[in-house]
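Topology and contacts: notes
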Amino acid sequence: MGKLLIDLESPWVEKYRPQTFEEVVSQNLAVENLKEFVSKGNMPHMIFTGPAGTGKTSTALIIAKHAIKKENYFSNVLELNASDTVRMNYVRSVIKNFVSQNLALERNALKLIILDEADNIPNQVQQALRRIIEKSSLNVKFILMCNYINRIIDPIISRCAVFRFTNLSKDKVIERLRFIAKKENLNIPQTEENKFYETLFFISGGDLRKAINALQMSVALELLKNLDSNEILKVSGFLDNSTLNELLENIRSKNLIRSRKTLETVQTLDARNFLRQMIGSLNELDIQPGYLNKTLSYFGDVDYRISQGADERIQLMSLISHLIKSSIKEKE
Ligand SMILES: Nc1ncnc2c1ncn2[C@@H]1O[C@H](COP(=O)(O)OP(=O)(O)OP(=O)(O)O)[C@@H](O)[C@H]1O
Ligand SMILES: [Mg+2]
């Protein structure tokens, strides 16, 4: 392989995980406040909440690095995720041991307990956790991370400072992708460059992890030379533009059978992606004015049913038939 200059060995999401507060893209308000807490040494318990791939774990690791000396890292930082916390006794004993272990010299050194995926911790265990947080001494601080804060019980929320992370804007995602492309010496044809980044952003939906993975995948699959956004869309589980247009046309002409045939040609169908793409194309569908609300809530229903394990293709077909019903009647 020798002459391969581009680094494909390590996942870029890890290679370009921000190491300092300054490097964390776009979460300015949250990060400014955090920096202050950490530098003053009066850290509260904290909850980081927000969508996937927006920098929660990265920020928690930066805090741990800033607040705890390297040589004490393993004794003073405890990282757990939800699967570790299914058994309450395990949580109790691990946390208890961790808190009571003291280095002889530094009795009151800060200890951090980082709980990832806290929204998946069963309620009963959360209740136990609440007691543990309540009783913990001043030098022990918790950082909980979650995507859905409404799954965390109130008594825990009220004991923590909540930091909300948001999806990254298009500009910020593209800026970070350009930064990585430059570091990796990627050769992106200039005429296609903007479109390429726009496509990556579309795929990501503001999730920087997804954006970076899509970039690395495009390189790994050697899609950069003859840059074709449709290929990138396809390998990322979206409809390419011509398939999408064909489907929209079939819906507009109220042809359910042909719509189904089009959908059948899609090999890597990802239902969630499909919903996002269709919602983005709604204005091309001439939905009858009085039907728009209903249509949008139908999207919500389908999304919910899929999340509960319903058959994806059946759900998507039902969405398509709903769209056909709701679009403007053809003139006779
Ligand atoms: N705000 C950001 N600034 C810079 N890089 C980011 C940011 N958010 C995400 N990334 C990139 O995405 C990767 C994943 O981010 P991170 O693990 O912090 O996400 P998360 O918010 O914890 O997501 P999840 O909810 O899925 O756990 C990082 O390694 C980094 O490459
Ligand atoms: Mg995380």
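Residues numbered from 1 in each chain as written. Chains lettered and ligands numbered in written order. Predicted model: local features only at pLDDT ≥ 70, side-chain atom pairs only at ≥ 80, totals over all residues. Heavy atoms only, no water.

Looking at the layout of surface pockets
Reported here for the largest pocket is a volume of approximately 510 Å³. In terms of lining residues, the largest pocket is bounded by 27 residues, among which Gly53, Thr54, Gly55, Ser58 and Arg209 are the most central. Of all elements in the fold, only helix H1 (12-15), helix H3 (56-67), strand S4 (140-146) and helix H10 (208-220) reach the threshold of two or more residues within the lining of the largest pocket. Tallied by class, residues from the lining of the largest pocket come to 11 nonpolar, seven polar and nine charged. Shared between two domains, the lining of the largest pocket takes at least three residues from each, and those domains are domain 1 (27-164) and domain 2 (169-235). (1 Å grid on protein atoms, 1.4 Å probe; cavity = no way out; pocket = protein on both sides within 12 Å on 5 of 7 lines; lining within 4 Å. Points joined across faces, edges and corners; volume = space filled by probe spheres on them. Helix = DSSP H or I, 4+ residues; strand = E, 2+ residues; numbered from the N terminus. Nonpolar A, V, L, I, M, F, W, Y, C, P; charged D, E, K, R; others polar. Domains from an automatic or database assignment.)

Quick word on the site of ligand 1
The local shell around ligand 1 holds 18 residues, among which Val13, Val25, Lys56, Thr57 and Ser58 are the closest. At a separation of 2.8 Å, a nitrogen atom of ligand 1 approaches a polar backbone atom of Val25. Within the side chain of Thr57, a nitrogen or oxygen atom sits 2.8 Å from an oxygen atom of ligand 1. When ligand 1 sits alone it has 620 Å² of accessible area, and the protein chains cover 93% of it. In a pocket analysis with a 2 Å cut-off to the grid points, ligand 1 is assigned to the largest pocket. Secondary structure elements with two or more residues in the shell around ligand 1: H3 and H10. Looking at the shell around ligand 1 residue by residue, the classes come out as eight nonpolar, six polar and four charged. Here the shell around ligand 1 gathers at least three residues from each of two domains, domain 1 (27-164) and domain 2 (169-235). (Near = heavy atom within 4 Å. Polar contact = N/O pair within 3.5 Å; in protein donor to acceptor, adjacent residues only side chain to side chain. Areas by Shrake-Rupley, 256 points an atom, 1.4 Å probe, with all protein chains shown as cover. Sits in = over half its atoms within 2 Å of the grid points.)

Here we look at the pattern of salt bridges
Applying the stated criterion across every chain, the model contains 14 salt bridges. The shortest N-O distance in the salt bridge between Arg130 and Glu134 comes to 3.8 Å. Of this pair, Arg130 and Glu134 both sit in helix H6 (residues 123-135), separated by four residues, roughly a single helical turn. In this structure Glu134 comes out as partly exposed when scored by relative accessible area, which is 37%. (Salt bridge = Lys/Arg side-chain N within 4 Å of Asp/Glu carboxyl O. Buried < 20%, exposed > 50% of the residue type's maximum accessible area, 1.4 Å probe, protein only.)

Remarks on a nonpolar patch on the surface
There is a patch of nonpolar side chains on the surface, built from Met217, Leu221 and Val235 and spanning about 220 Å² of accessible area. Mapped onto the fold, Met217 is located in helix H10. (Patch = residues over 30% accessible without salt bridge, like charges linked within 9 Å, V, L, I, M, F, W, Y side chains within 5 Å.)

Looking at the domain arrangement of the protein
We note that the domain assignment places domain 1 (27-164), domain 2 (169-235) and domain 3 (241-326) within the protein. A straight line from the C-alpha centre of domain 2 to that of domain 3 covers 26 Å. Contacts between domain 2 and domain 3 engage seven residues on the former and four residues on the latter. Counting each side, the surface lost to burial between domain 2 and domain 3 is near 460 Å², with a carbon and sulfur contribution of 35%. Our count for the contact surface shared by domain 2 and domain 3 stands at zero salt bridges. Taken together, domain 2 and domain 3 are joined by four residue pairs in polar contact (both at pLDDT 80 or more). (Contact = heavy atoms within 4.5 Å. Buried area = accessible area lost by both parts, 1.4 Å probe.)

Here's the deal with the packing of helix H12 (residues 241-252) against helix H14 (residues 271-280)
Interhelical geometry of H12 versus H14 gives an angle of 65° and a closest axis separation of 12 Å. Considering the relative orientation of H12 and H14, their crossing is right-handed. Here Leu244, Leu247, Leu248 and Ile251 of H12 lie close against H14, whose contacting residues are Phe274, Gln277 and Met278. Broken down by class, the residue content of the contact of H12 with H14 amounts to six nonpolar, one polar and no charged. (Axes fitted to C-alpha atoms, helices over the stretch in contact; angles between N-to-C directions. Left-handed = near helix turned anticlockwise from the far one by under 90°.)

Here we look at the environment of Ile212
Looking at the element boundaries, Ile212 is found in helix H10. Given the relative accessible area of 5%, Ile212 is considered buried. Between the C-alpha atoms of Ile212 and Leu177, which are 35 residues apart in sequence, the distance is 6.7 Å. Ignoring anything within four residues of it in the chain, the contact list for Ile212 reads Trp12, Val13, Leu177 and Ile180.

Here's the deal with the packing of aromatic side chains
Following the criterion strictly, the structure yields seven aromatic pairs and no others. Measuring from ring centre to ring centre gives 5.5 Å for Phe196 and Tyr197, while their planes differ by 45°; the resulting arrangement is tilted. A ring pair is formed by Phe202 and Phe238, whose centres lie 5.2 Å apart and whose planes are at 55°; its orientation type is tilted. With Phe202 in helix H9 (residues 190-204) and Phe238 in the loop between helix H11 (229-235) and H12, the pair connects residues that are 36 residues apart, well separated along the chain. Take Phe202: its relative accessible area is 30%, and that puts it in the partly exposed class. By way of ring pairs, the aromatic residues Phe37, Phe48, Phe163 and Phe165 are connected into one cluster. (Phe/Tyr/Trp six-rings, centres within 6.5 Å; stacked < 30°, edge-to-face > 60°.)

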